[in-house]
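Given next are the chains, with one letter for each unit.
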Amino acid sequence: MKMHFSIPVSEQPLEKFGGRYVLYSVYLEGFLFCKVRYSQLHHWNDQLRRIFGSTVPAFPPKFYLAMTKSMADERRSQLEEYLQSVTVDPSITNSDVFINFFRKLQQDTFKIQTQRASLDVYLADGRNVRLDIQTSDTAERVLEVVSYKMGLSRELIGYLSLFFIQDHSNGVLSVVKKVAEFELPYVSLQSMKESDCKIGIRKWYMDPSLDKMLMDCRASVNLLYMQALQEIEKNWVKPTDGQLQKLELLQKAANKMKFLELVQEVQHYGYIQLDPCTCDYPEVGCSAAVHVGNNEISCCIKLPCNQTKEVSFKINRVRCWQVTFLGSVTQPKDQGNEQTLELRFEYNDSDSWRWIVFYTKQVSVRAVKKKAFGEM
């Protein structure tokens, strides 16, 4: 699965002894991840090729003449495509040469040296687990530490992940993005301060029946239970009146196992809910509430005439995906700027293919793809 790397902008700072160079701003899932020079990427590509050979995608060639604007735009686009392609191979993304390269870039970009630090990881009920970590620890390492501290069995770690989340003043919860395994959570959190994000631990799989794999561990049962309660409280799931009444009785009786068994039958349980989007289906100018999971993208679409329409896009009828970073959208002064992504997919609608387009400020587009396709 490709990471959603993008390079929407570049700058030309002064060299130490005069002259200028191009510095590319690399975004991961819509947030600034690091800044890098072409020469750094070129050297890194040589390292990858020495280890992985021809499996490494082609690297954009050097220009030996002064670059025009069109040449600079072409290189930026090629580097973006290269970064997305190189992450397809898990043997590369799990390698030391990959992890160490981005670790140094991320730390250098945000000027954070390796040192001991505290990091709070939040549970679905609002409590937090405080960890003693290194600022250079990857998300994979932080997940291992918090799992151990919570008493989670090591073999269950693969069912969980770290996420950046936002609690809004109106009570709405946003799962902003999944933290990539090679990402440095402490550094990323500092870079996202303006977004008022925090790190949470949540289950990460599509099929609710996989809950059964976590039922023999008390800590994982508690985690599932807290997340299920949160999904009900935030109206992410849609229980019937009868289901809600039974769930409330089981909650009062503190019967977590029966509660988790019943909640699996509730519509949208285990899905990710995106922040409100706009879309062009069935016509331009529609707004949509989107839930992703169980091999579908389930949408409640509000038409321009104020009528609503329930639509389910089945993943087995999607031919291909495209994700485009559209840059920052200016908001009112007290809200800052929001980054906008275009998610489009080609869909077989009534035996004909058409493109469906969603516009969202939410950056967990990779979450959409992974949830929809059921990848761990």
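Since this is a predicted model, take the numbers as computed values, not measurements.

### Side note on the packing of helix α7 (residues 218–233) against helix α9 (residues 256–263)
Contact pair α7 / α9: the axes reach a minimum separation of 10 Å and the direction vectors enclose 50°. One finds that α7 runs oblique with respect to α9. Considering the relative orientation of α7 and α9, their crossing is left-handed. Contacts from V221, N222, L224, Y225, A228, L229 and I232 of α7 reach α9 at K256, M257, F259, L260 and V263. Along the lines of polarity and charge, the residues of the contact of α7 with α9 split into ten nonpolar, one polar and one charged.

### With respect to the sheet that holds strand β2 (residues 23–28)
Read across the open sheet, the three strands follow the order β1-β2-β3; overall the sheet is antiparallel. Edge strands, defined here as strands with exactly one partner in the open sheet, are β1 (5–11) and β3 (31–37). Taking each pair of neighbouring strands and ignoring which way they run, the sheet shows an average axis angle of 30°. One ladder, built from six bridges, connects β2 with β3; its direction is antiparallel. Directly across from S25, in β3, lies its bridge partner K35.

### Re the environment of P61
Examined against the element boundaries, P61 turns out to sit in the loop between α1 (38–52) and α2 (69–86). Look past the residues within four positions of P61 in its chain and what remains in contact with it is Y38, R75 and Q78.

### Observations concerning unusual backbone geometry
Along the chain, Y281 connects to P282 via a cis peptide bond; the corresponding omega equals -5°. Mapping P282 onto the fold places it in the loop between β10 (277–279) and β11 (286–293). Backbone geometry at K111 places phi at a positive 55°, although glycine is not the residue there. Among the structural elements, K111 can be located in the loop between α4 (96–110) and β4 (116–122). A relative accessible area of 73% places K111 in the exposed class. One non-glycine residue, A254, lies in positive phi territory at about 55°.

### Some points on the side chain of E346
Examined against the element boundaries, E346 turns out to sit in strand β15 (residues 337–349). Reaching out from E346, the side chain makes a polar contact with the side chain of R319 at a distance of 2.7 Å. Those residues in contact with E346 that sit more than four places away from it in its chain are R317, V318, R319, C320, W353, R354 and W355.

### Let's talk about the sheet that holds strand β7 (residues 173–178)
Taken together, the five strands give an open sheet; going across it, the order is β5-β4-β8-β6-β7, and neighbouring strands pair in mixed fashion. The open sheet has two edge strands with one neighbour each: β5 (128–134) and β7. Between one strand axis and the next, the sheet turns through 45° on average, direction left out of account. One ladder, built from seven bridges, connects β4 with β5; its direction is antiparallel. From the neighbouring strand, D120 faces β5, where its bridge partner is R130. Across the sheet, helix α5 (residues 139–150) is in contact with β4, β5, β6 (160–167) and β8 (198–203); its angle to β5 comes to roughly 130°. Where α7 meets the sheet, it contacts β6, β7 and β8, and its direction lies at approximately 110° from that of β8.

### So, the environment of V263
Assignment of secondary structure puts V263 in helix α9. Residues V263 and V237, 26 residues apart in the sequence, show an inter-C-alpha distance of 9.2 Å.

Each value, and the rule that gives it
- Residues numbered from 1 in each chain as written.
- Predicted model: local features only at pLDDT ≥ 70, side-chain atom pairs only at ≥ 80, totals over all residues.
- Heavy atoms only, no water.
- Axes fitted to C-alpha atoms, helices over the stretch in contact; angles between N-to-C directions.
- Helix = DSSP H or I, 4+ residues; strand = E, 2+ residues; numbered from the N terminus.
- Parallel < 35°, antiparallel > 145°, perpendicular 65-115°, else oblique.
- Left-handed = near helix turned anticlockwise from the far one by under 90°.
- Contact = heavy atoms within 4.5 Å.
- Nonpolar A, V, L, I, M, F, W, Y, C, P; charged D, E, K, R; others polar.
- Pairing = 2+ DSSP bridges.
- Buried < 20%, exposed > 50% of the residue type's maximum accessible area, 1.4 Å probe, protein only.
- Polar contact = N/O pair within 3.5 Å; in protein donor to acceptor, adjacent residues only side chain to side chain.

Structural measurements only, silent on function.
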